[in-house]
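What follows is each chain in one-letter form.
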Amino acid sequence: DHYFLIAHEDRTGRSRLHPRATGLGLAAGLIGELVMQGRVRAIEGELHVVNPEPPRDSLSHGVLAMLIAQPQHRELRTWLAFLAQDAAARVGERLIRAGVVESVTRRRLLGTQTLYVPSSSEQRNAAAWIQVRLANILVQGRVVDITDRALAGLVVATGLTRHVLWDYSAHRSGFTHLHTVVDSLPADLREL
């Protein structure tokens, strides 16, 4: 959810990245949630279900159910590509259910576009705060929990670093700490 909010502008809901990059980052985040819950492992480019107990979250439950239903497909790259196809819509729907965003459909020349915009000024501030909070953690060199380390890894992997550490002179120490944080990820999450 935090990656989704960093990857989209808090005022317009537009993606800051190419849709494919956003989708891959979100797909990695969905699998990362299952890794951190101890449901799956990413080992040498393959995904392995290690605990089939369904998570409470319906989206995580659905992703795990797909992994269980397709045991012949283990390649991490395949799962990332598959999940990336509709990851933005799935995570956007989860955020709608949580009251964080609302969907706005805009007509375009060749169809329609659905954007997910924070549902209130408080939610817009909360969305903007996610990247500011991560920047502060990195600049101050603080200890980073596993969730924020995984988030930082996704930010680096998909090219969102400049949206988190937007001022090179003020955030110089954050860039150094960012690489340390990403290097400290467990092997499963580094593969993602």
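For the structure given in this document, a descriptive report is provided here. Predicted model only: the values in this text are computed from it and were never measured. Each chain carries its own residue numbering, running from 1 in the written order of its sequence. Since the coordinates come from a predicted model, pLDDT governs what is reported: local features require at least 70, and pairs of side-chain atoms require 80 or more to be given and counted, while whole-chain, interface and lining totals use all residues. Excluded from the side-chain calculations are hydrogens and water; all other atoms, namely the structure's heavy atoms, are used.

### Overview of the overall build of the protein
So, step 1. Looking only at helices and strands, the protein features ten helices and four strands.
So, step 2. Numbering of helices and strands runs from the N terminus; a helix is a DSSP stretch of H or I covering at least four residues, while a strand is a stretch of E covering at least two. Secondary structure of the protein in N-to-C order comes out as α-α-β-β-α-α-α-β-β-α-α-α-α-α.
So, step 3. Radius of gyration: over C-alpha atoms. The globule rule applied is 2.2 Å multiplied by the number of residues raised to the 0.38 power. Taking 192 residues into account, the globule formula puts the C-alpha radius of gyration at 16 Å, and the protein, at 17 Å, falls close to it.
So, step 4. The cut-offs for exposure are 20% and 50% of the maximum accessible area for each residue type, with area from a 1.4 Å probe on protein chains only; residues under the lower value are buried, those over the upper are exposed, and the others partly exposed. Relative to its 192 residues, the protein shows a buried fraction of 42%.
So, step 5. Note on areas: Shrake-Rupley, 1.4 Å probe, and residue coverage restricted to the protein chains presented here. For the protein, the exposed area adds up to about 10,300 Å²; of that, 52% sits on carbon and sulfur atoms.
So, step 6. Averaging the coordinates of the 22 positive side-chain charges in the protein and doing the same for the 19 negative ones gives two points 5 Å apart. Positive charges come from Lys and Arg alone, negative charges from Asp and Glu alone, with His and the N- and C-terminal ends not counted. A charged residue contributes its charge at one atom only: NZ of Lys, CZ of Arg, CG of Asp or CD of Glu.

### Quick notes on the pattern of salt bridges
So, step 1. The salt bridge definition used is simple: a Lys or Arg side-chain nitrogen within 4 Å of an Asp or Glu carboxyl oxygen. As enumerated under the stated definition, the model contains six salt bridges in all.
So, step 2. We note a salt bridge from aspartate 86 to arginine 90, for which the minimum N-O separation is 3.1 Å.
So, step 3. Given the relative accessible area of 34%, aspartate 86 is considered partly exposed.
So, step 4. Here aspartate 148 makes a salt bridge to arginine 133, at a shortest N to O gap of 2.8 Å.

### Description of the side chain of threonine 161
So, step 1. Counting through the fold element by element, threonine 161 comes out in helix 8 (residues 161-164).
So, step 2. Judged by its relative accessible area of 16%, threonine 161 is buried.
So, step 3. Other than its neighbours up to four places away in sequence, threonine 161 contacts Val155, Val156, Phe175 and Leu178. Only heavy atoms matter for contacts: two residues are in contact if any of them lie within 4.5 Å across the pair.

### Remarks on the environment of histidine 48
So, step 1. Take histidine 48: it is sitting in strand 2 (residues 46-49).
So, step 2. In this structure, the C-alpha to C-alpha distance between histidine 48 and leucine 67, residues 19 residues apart in sequence, is 8.4 Å.
So, step 3. Excluding its chain neighbours within four sequence positions, the residues that come into contact with histidine 48 are Arg39, Val40, Arg41, Ile43 and Arg74.
So, step 4. Side-chain polar atoms of histidine 48 contact the side chain of glutamate 46, separated by 3.5 Å. For this analysis, a polar contact is any N or O atom pair within 3.5 Å, provided that within protein one partner can donate a hydrogen and the other can accept it, and provided that sequence-adjacent residues contribute only side-chain to side-chain pairs.

### A short note on unusual backbone geometry
So, step 1. One non-glycine residue, glutamate 44, lies in positive phi territory at about 50°.
So, step 2. Within the secondary structure, glutamate 44 is located in the loop between strand 1 (40-43) and strand 2.
So, step 3. Judged by its relative accessible area of 75%, glutamate 44 is exposed.

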